[in-house]
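# Results of the structural survey
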Amino acid sequence: MRRGLFFVILTVLTLSLVACNVEDSKKVEANTISNANLTEREEALLSGPADQSFVFDFNAGDQYKEILVWVEKYESGKLVGKLNSMSTGIKNTGMMVFSTVKVNEENNQSRFSISVHSDDATSTAWSSETMKDDNFSIVSGSNPLDNISIKNKNMVLASIAYPSSEEGNRTFSTDFYEDIDSHMNELKNYDVVYLLRCTFK
C-alpha cells in the first residue's frame, strides 16, 4: 500500500514540477545543465514526500538525443555498485528529478527515484536501498557550478553521504564536482556515498 502511495505521490510531484519548469529549462544555456531555480511552492511540493531531492534543468540543443543517468554507491572510498541506471531519449530541453524517500522505518529501506522529462514525455527509474539509520549524520548537496557543460562525460550532479565519525559534516569541494577523477580521495572521508551522475549522448 505504502509503495503504491509513493508512486502516486512521485508521479504527481514530477508532473507538478514539469508544469512549473518547462519555460525555465528553455532559459538554460545551450549544451548545459544547471540546478533548477525552484519557487517556494515547488520546494514545498518536494519537501513533503521526499527525504532528499534535487532538480536540474538542461538544454541539450540539437546535438544530443539521449541521456544516461545513474547513481553510484561508494563505501570507504571504493565503488561497490550502481543503482537506478536509466537511459532515455531527449529533445532539446528538459528536466531531471532525483529523490529519496524512506518507505520502511523498521529496516531503513529507502526508495531512490530518477525522473527525466523532455519532449512531453517522462521516464522514471526506481530502486530500493538500505540506508544507515537516523542516528548517523548525513551530508547532501548538488553540484555548485552554474551552466555545467554537458560535453563533460560522467558528470557528478549530486551527492548524499554519511561522513566517517572523525570527519564531521564536511561537504564535497567544488573541485570534486568539477573534476572527480582528480579528487577521488575525498570519498574516503565518508563511510557511504551516493553520487548522481549522467552523460549526454
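Quick caveat, the model's predicted, so the values are computed rather than measured.

Grouped together as the largest cluster of nonpolar side chains are 31 residues, with contacts concentrated most on Ile33, Met96, Leu157, Tyr194, Leu196 and Phe200. Counting only elements with at least two residues in this core, the list comes to strand S2 (52-59), strand S3 (66-75), strand S4 (78-89), strand S5 (93-104), strand S6 (109-118), strand S10 (155-163) and strand S11 (190-200). The residues touching methionine 96, leaving out its near neighbours within four places in the chain, are Ile33, Phe54, Val55, Phe56, Ile67, Val69, Ile114, Ser115, Val116, Leu157, Leu196 and Cys198. The next biggest cluster of nonpolar side chains, apart from the first, holds 11 residues, and it includes Val156, Phe172, Ile180 and Leu195.

Ordered in space as S7-S6-S5-S2-S1-S9, the 6 strands form an open sheet in which the pairing is antiparallel. The open sheet has two free edges, formed respectively by strand S7 (121-130) and strand S9 (148-149), since each of these has just one partner strand. Bridging between S2 and S5 involves 8 bridges; their strand directions are antiparallel. Residue valine 55 lies in a different strand from S5, and its bridge partner there is valine 97.

Next up on the list: the environment of leucine 83. Tracing the sequence through the fold places leucine 83 in strand S4. Separated by 44 residues in sequence, leucine 83 and serine 127 place their C-alpha atoms 6.6 Å apart. Setting aside its immediate chain neighbours within four residues, leucine 83 contacts Trp70, Val71, Phe112, Ser127, Glu129 and Tyr194.

Below, the discussion takes up the environment of threonine 100. Structurally, threonine 100 is set in strand S5. It is 9.8 Å that separates the C-alpha atoms of threonine 100 and serine 127, two residues lying 27 residues apart in sequence. With residues near it in sequence (within four places) discarded, threonine 100 still touches Ala50, Asp51, Gln52, Arg111, Phe112 and Ile160.

The backbone of asparagine 92 shows a phi angle near 65°, a positive value even though the residue is not glycine. By relative accessible area, asparagine 92 is classed as partly exposed at 27%. Here asparagine 154, not a glycine, exhibits a phi torsion of approximately 55°, which is positive. Relative to the helices and strands, asparagine 154 resides in the loop between S9 and S10.

Now for the side chain of glutamate 42. Relative to the assigned elements, glutamate 42 resides in helix H2 (residues 40-47). For the buried residue glutamate 42, which engages in no salt bridge, the nearest side chain bearing the opposite charge is arginine 41, 5.9 Å off. From its side chain, glutamate 42 meets the backbone nitrogen of threonine 39 in a polar contact 2.9 Å long.

All told, the structure shown has 8 aromatic pairs when counted by the stated rule. When the ring of tyrosine 64 is compared with that of phenylalanine 200, the centres are 6.4 Å apart and the planes differ by 75°; the resulting orientation is edge-to-face. With tyrosine 64 in the loop between S2 and S3 and phenylalanine 200 in strand S11, this pair connects stretches of sequence that are 136 residues apart. We note that tyrosine 64, like phenylalanine 200, is buried. Here the aromatic rings of phenylalanine 176 and tyrosine 177 are separated by 5.8 Å at their centres, their planes lie at 85°, and the arrangement is edge-to-face. One exposure class covers both phenylalanine 176 and tyrosine 177, and it is buried.

Here is what the cut-offs are and how they apply
Residues numbered from 1 in each chain as written. Predicted model: local features only at pLDDT ≥ 70, side-chain atom pairs only at ≥ 80, totals over all residues. Heavy atoms only, no water. Core = buried A, V, L, I, M, F, W, Y, C linked by side-chain atoms within 4.5 Å. Buried < 20%, exposed > 50% of the residue type's maximum accessible area, 1.4 Å probe, protein only. Helix = DSSP H or I, 4+ residues; strand = E, 2+ residues; numbered from the N terminus. Contact = heavy atoms within 4.5 Å. Pairing = 2+ DSSP bridges. Lys, Arg positive; Asp, Glu negative; His and termini not counted. Salt bridge = Lys/Arg side-chain N within 4 Å of Asp/Glu carboxyl O. Polar contact = N/O pair within 3.5 Å; in protein donor to acceptor, adjacent residues only side chain to side chain. Phe/Tyr/Trp six-rings, centres within 6.5 Å; stacked < 30°, edge-to-face > 60°.

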